[in-house]
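# Summary of the model geometry
Residue-level listing of the chains:
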Amino acid sequence: MSASLLEISNISKFFPGVKALQNVGFSVDKGEIHALIGENGAGKSTLIKILSGVYQPEEGGKITMEGEDLGVLDPLISLNKGIVVIYQDFSLFPNLSVLENITLGSYVEQNRKLVNYKEMRKIANEMLRQLAIDNIDLDESLGDLSVARQQLVAIARALANDAKLLILDEPTSSLSSSEVEKLFEIMHSLKERGISMIFISHKLDEVYRISDRLSILRDGRYIGTYKADELNEQELIAKMVGREIIYTIYPKRKLTEPLLEVKKFSKQGNYKDINFTLHKGEVLGITGLVGAGRTEVVKSVFGLNPQDEGVLLLDGQEVAIKNPSEAMRNGIAFIPENRLTEGLVLRKSTQENLTLTLLEELSGRLGLLNPKKSDKVAASWIEKLDIRPSNPHLFTAKLSGGNQQRVVIAKWLATNPKILIVDEPTNGIDVGAKAEIHRLLRQLAETGLGIIVVSSELPEILAVCDRVVVMKRGRVTAQLFCEGLSQEDIMSRAI
Amino acid sequence: MKKLKMIKELPLIIILVLISIVITIINPSFLTVENFLDLLKSNLVLTMMAMGMLLVILTGGIDVSVASMITAVTVIIGNSLIHFSQNILVTVLLATLCGVILGLINGLLITGLKIPPIVATLGTMSMILGIVLYVTNGNWITGIPQNFIDFGRIMILPKTLADGRVIGIPIQIIFLLPIIILTWFVLKHTVIGRGIYALGGNLESADRMGFKTNRIIVFVYAFEGFIIGLSAVAHTSIMRQVDPNAFLGFEMQVIAAVVLGGASVLGGYGSVLGTIIGVALFSVINNGMILMRIPTFWQKIVVGLIIISSISADMIQKQREEHLKVRVDVDEVASYEA
Amino acid sequence: MKLKIKGLIATKEGILFIIFLAVVAIMTILSPSKFLSNYNLQSLAYQLPEFGILSLSMMLIIITGGINLSLTFSATLAMIVGGLAMSSVFANTGGAFLALVIGVALMLVVAALAGIFNGFVVSYIGVTPMIATLGAATLFEGISLNITKGGAISGFPLSFIMIGNTAILGIPVPMLIFVVILILMWLLIEKSKMGAAIIMIGCNPKVAEFSGIKVKNVLFKAYMISGLLAGVAGVIMASRYNSAKESYGSSYLLQSVAASVLGGTSISGGEGRVVGTLLAAMILQVISSGLNIFGLNRYLTNVLMGFILIFVLAINFVTEKFKKN
C-alpha cells in the first residue's frame, strides 16, 4: 500500500454533449511504469489534462498523491506537486540552449533575478548524468536537436523540476528504433530512482516490453488494470474495442466502377507506397492510429500537401492536382478535421461561410457576386441540412458543434462534388447528430458520390463504410471489406 | 574548432571582413586609425540605439518612434542645459528619465491596450515629433554651455598627427561601452533577459513557465527609452547643438542595423555581438559608399534593400525547414496483407 | 420608419456620420466665417479625394491582415518618375497631350509596380507585411530622392495641371475621380468574389486555402491594386501641387491608417467597409483642414492625428473586452 504514489478515483468529465470520462479510477505505484491504453477518443488526453490541472474533474473526483488529497489542481500546482507531462510539442524554447531549457523553469519559480550559469550547468549535467545521457551538448540550441533528443531534454527538465510522476504522451511516435532503446534505458533509470511514469502508447510491442502494468480506457470508461504478462495482444485489443456498435450498420454495397485511383503515392516524412481505389457510390474508410499518415494522404489527394511521387486517376484519366482549386475543379471536396480552425471562419456568418467555396459559381462576368443567388443557395442548404438556427446571417461561432459541422458539409456539398473526403466527420459531436451525419453520408453515396471517410472511431467505420483501408506508420497494411468485419480485425492491423 | 562553428555570427564577420577588404582596395584610406575613430564617433549613437532596438525586436516587436524620441530628449536637454543646469550629471539624469517615460508609454500601449507595436509606435512617433517640431518650430538650439561642449570634445589617448590634427577615442565612449555591457549583461545573465528570449521564442510556453511576459515587454520598451536618453546626451555632446530634424529617417537605419546583425523580426533570435557586427557592417557599407563617392541618396536605397533581403533570407530558410519537417515516422518496410 | 432610422443610426456608419456632423458643427461654431468660406469648402473638396483614395488603399491591405507602410512613398515615387518623364517629353517635344498621357500612364504603372514588389515579397517570399513594406518604404524613398536629389520636379503641361485644379459642372475633377474609385472599391471589397476572398484571407488564411482560394495569388493582386490606388492619388497630388517632391503627402501615411481604423476596419484584418472609411476620411479631413484654417500649427495637427489613432484603437480594445464579459 505504501508503494502507491498516485490514486485517482471517481474521475469524470463532461463536455456539452460528450461524456469524455466516467468514473475512472486506478492507481500508480512508486517507480512503476504504467501504460495507459485506449483508442483515440477513449479519454486518455482528457485524463492527462485533469492530472496536469488543465481541466477540473466533475464533483466527486479525487486525486491522491502519497496519501495526500491534492484537492483542486491548476497547471502550476500540479507541477509543484511533481506531475509533469511530456507533450508531443514539448513546449520547449527552440531558440534557447539545452542548458536553459532544462534549468530556466526553476529559476523563474524561485523568483530569482540573476542567472548563474555555473550552477545551471551543474544541475543540468547532474540531470543528464542521472539519465545516462552523454551525447547532448548543453550549449547547443534546442531547435538544432532532433525530435528524439528534444524529448530527452524535456525529460531532463522534468527531472530538474523534481518530477514524481512523469506522463509521456506517445513518446516514441517520431523516434527511430535506436532512439526508442535510449528512451527505454532512461525510463528504466528513472524507475530506479523511484519516479513513476504513465506511458501512453499505441505500440503494443513497446507497451509489453516496458510497462509493469497497464490500464485500459474505452469510451471514457475504465475497463481494468492488468499486469503486462496477464493479457495477450488479442485479449488486449478485445478489451480496447469490445463494445456494442450502437450505430445503424448500413447495408454494404457491391463494388461498381472505379472513380478515384491512388497509385503509389509517396511523400518523404509523410507516407509511402499508398495504393487504393474509390468506387462510384462507395463509402471507403481510411483508419489507423494517430500518426499513421491518413490525413496526410487525403490532403495530398486534395492538393493541400502534394505528393512527391505517385499518380492519381479520376475516371481512368490521370490528373495532376497541385492545389485545392484544381482539386475542386476535378470534383473533389474536402471536409477537414478541425472545423474550428480549418473549416469555418467563426466570426463570419453562415451564409458567408457557405458561399466561400462557390465564389466562382456565384459571380458573373465582371467577378461580381450575385446576391440573390447567394441568398438562394444559402437558404436552400440551410434547409436541406436542417442547420439551426436558420438565420443565414448569424455568426457561425454561435452555432452548436453539430450545426457548425453541417455548415462545413453544406459548403462542400454545394460544390456538387463527385468525390467527398471527410476527415473525422463526427469529432466532438453528440450521438444523435452523429447518426444524422452517417445517414447523410450513406444517402450521398446512393446518389453516386464516392466518399472517403477518415476516422479513428472503429464503430463508425464498420457502420458507415463499405470497405476500409487500414494504415500504420505511413503505409497501408490492409484493405478489407467491412461486411462481417470486427473491430478487433481492424485494430490488429492498425496497431 | 567546434566552438568556432557554433558562433552564429561567423558568416556576418566574414562578410564584414570581405567588404572591408574590397573597400580598402578601392580606397586605401579606409583602413586607417583615423577613419576607424571617425567611424566610431559617427556611429556611436546608432550603436547605442541598436542595443535598445535589439531588445524590442527580440520580443517580436518593433519601434518606429525611436527617432522622434531621441529628438525630443535632445530638445529637452538642450533647453535644460541652457536654462536650467549646466551640470552634466543632471543632464544625464534628466535625459534618461525622459527616455524611460517615453518608452513606458509605448510599452503600456502595447501590453495594456493590446495595440500592435507597429501601430502604437507609429502613433507615438507622430505625436512626439509633432510636439517637438511645434515647440522648436524646426529651429536649431544653439548656445549650449561651454562646459558641456568641452566635455564633448574630450579625447582619451589623444595623438597628434603629422598635419597637426589630434585624434583619439571620443569621450562619448563612456556612454557607449556601459550600454553595450549592460545590454549584454541583461540579456545573458538576468532571468528577465532570458525571459525576453523565451517569450520571443514561444510566448505561450513562456507564460506557462511563469514568466510575467507583460512586465518583461514593458521593461524592454522602458530600457530602450533609457538608452535613448543616454544616446541623446552623447549626440548633443558631439554635435554641440540641437537640430530637431537631425534624426529624420534614423529609425530605419537602426532597424536595418539590427536586422542585418541577424535578429529575426519574428522574435527570439539575435545577440549583442550580432547587432554590433550589424552596425559595423552597416556603417562600413555607408562609409564605403562615401569613399567610393557614391551619392548619399543611395543610402536609403541601401537601407531598404538591406532590410528586405535580410528578412527574405530569414523567411526562405524558415520555409525550407517547415517543408522538410517529418510528420509521420514512416515504416521503411511494407507490411501489407491483402 | 422611426425604427428604421434608429436602426441606421445604431450602425457603425451611422455613428460615424453623426460624428462627422458634430465635427462640422464644432468647426462652424468656432469660426463660421472661416470654416464656411468658399475657400475652405473648395479646399476640402479638392483635398479629400487624394486622402480618401490613399485611405482606401491602406484599408485594402489592412483587411488582408497586413499594413502598407510604403503607401505614401509608392505614391511619391510614382509622381516623381511619371512627372519627370512628363516634363521631359513636354519640354523636348512640346506635345502637351503626349506628355500628359505618358505622365499619367507612367505614374500608374510605377505605382502598380511598387505594389507588385510588395505583393511578391509578402505573398511569395512570405515576409511579414509590416517589415516588408517598411523596407520598401525606405527603398522607394531612396529611389525618389535619387531622382530628384531633394528638389522638386515641375514643368507639367497645363492639361495635367487641370486634372487637379478644375471642376466639371461645379464638381472638382479629383472629386469625380474619387467617386469612381469609391464605387469601384465598394464593388471590389463588398460585392465581388475577390473581395470575399480577401476578407476571408484576412480572417483565417488557412480556412481560405482549404476552401480552394489561391491565397498567394489573391494577396499579390491586393497589393497590386493597393499600389495602383496610390498611383491615382499620386496623379491627383502631383497635379494639385503642380510639382512632384518626395516629401509630399508624408503625413497621409498615419492618417490613412487612422481613417481605416476609425472607419471600422479591424487592425488585425478580416473586416472593413468602404462607406466607413469614407466617413472616417471625411471626419479627419474636416478636422485637419479646419485646424489649418484656424491657424493651428500643422505640427500640432499631426499630434492630434496620432492621438486619434491610438484613441480609436483604445476604444476598440475596451469595447471588445466589454463584449466578452
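Residues numbered from 1 in each chain as written. Chains lettered and ligands numbered in written order. Predicted model: local features only at pLDDT ≥ 70, side-chain atom pairs only at ≥ 80, totals over all residues.

Moving on: the overall build of chain B. Within chain B, the secondary structure is distributed over 15 helices and two strands. For 338 residues, the compact-globule estimate of 2.2 N^0.38 gives 20 Å, and the C-alpha radius of gyration of chain B, at 22 Å, lies within 12% of that figure. In chain B, of all internal contacts separated by at least 6 residues, the share reaching a separation of at least 24 is 76%. (Helix = DSSP H or I, 4+ residues; strand = E, 2+ residues; numbered from the N terminus. Rg over C-alpha atoms; globule rule 2.2 N^0.38 Å. Contact = placed C-beta atoms within 7 Å.)

Next up on the list: the domain arrangement of chain B. All names here are of chain B. The domain architecture assigned to chain B consists of domain 1 (2-294) and domain 2 (300-338). When each unit is reduced to the centre of its C-alpha atoms, the spacing between domain 1 and domain 2 is 33 Å. Taken together, the contacts link nine residues of domain 1 with seven residues of domain 2. Looking at side-chain class alone, the side of domain 1 that touches domain 2 contains seven nonpolar, two polar and no charged residues. (Domains from an automatic or database assignment. Nonpolar A, V, L, I, M, F, W, Y, C, P; charged D, E, K, R; others polar.)

Moving on to the interface of chain C and chain B. Counting residues at the interface gives 36 residues for chain C and 36 residues for chain B. When residues of the side of chain C that touches chain B are traced back to their parent elements, those giving at least two are α6 (96-125), α7 (129-148), α13 (252-262) and α15 (298-324) of chain C. Of the residues forming the side of chain C that touches chain B, the biggest block, 13 residues, is contributed by α7(C).

Turning our attention to the nonpolar core. In this structure, A156(A), L166(A), I421(A), M48(B), M200(C) and A258(C) are the most contacted members of the largest nonpolar core, which totals 357 residues. Here this core gets 16 residues from one element, more than from any other, and that element is helix α12 (residues 215-241) of chain C. No fewer than three residues from each of domain 1 (2-294) and domain 2 (300-338) of chain B sit in this core. With sequence-adjacent residues up to four places away left out, L166(A) is seen in contact with V84(A), I86(A), A158(A), L190(A), I195(A) and M197(A). (Core = buried A, V, L, I, M, F, W, Y, C linked by C-beta atoms within 7 Å. Buried ≥ 20, exposed ≤ 12 C-beta atoms within 10 Å, placed from the backbone.)

Take α15(C) next. For an α-helix, the turn length of 3.6 residues means that residues three or four places apart are oriented alike. The end-to-end C-alpha distance of α15(C), which contains 27 residues, comes to 39 Å, matching closely the 39 Å that a straight helix rising 1.5 Å per residue would cover. Every buried residue of α15(C) is listed here: Y299(C), T301(C), N302(C), L304(C), M305(C), G306(C), I308(C), L309(C), I310(C), V312(C) and L313(C). Looking at the packing, one finds that the buried side of α15(C) touches α6 (88-112) and α7 (117-136) of chain B together with α13 and α14 (274-293) of chain C. (Expected span 1.5 Å × (residues − 1).)

What follows covers the packing of helix α4 (residues 38-63) of chain C against α12(C). Residues and elements named next belong to chain C. Orientation of α4 relative to α12, taken along the N-to-C sense of each, is 165°, at an axis distance of 9 Å. On the basis of the axis angle, α4 is roughly antiparallel to α12. As for how α4 packs across α12, the hand of that crossing is left-handed. Counting all contacts with α4, which are made through Y46, P49, E50, I53, L54, L56, S57, L60 and I61, the residues of α12 involved are A222, Y223, I225, S226, L229, A230, V232, A233, I236, M237 and R240. (Axes fitted to C-alpha atoms, helices over the stretch in contact; angles between N-to-C directions. Parallel < 35°, antiparallel > 145°, perpendicular 65-115°, else oblique. Left-handed = near helix turned anticlockwise from the far one by under 90°.)

To continue, consider the environment of K411(A). Residues and elements named next belong to chain A. Looking at the element boundaries, K411 is found in helix α14 (residues 401-413). On the neighbour-count criterion, K411 (23 C-beta atoms within 10 Å) is buried. Considered as a pair, K411 and N427 are 16 residues apart in the sequence and their alpha carbons are 18 Å apart.

Chain A puts 22 residues into the contact, and the matching count from chain C is 18 residues. Those elements that provide at least two residues to the side of chain A that touches chain C are α10 (324-329) and α11 (339-343) of chain A. Here the residues of the side of chain A that touches chain C sort into eleven nonpolar, seven polar and four charged.

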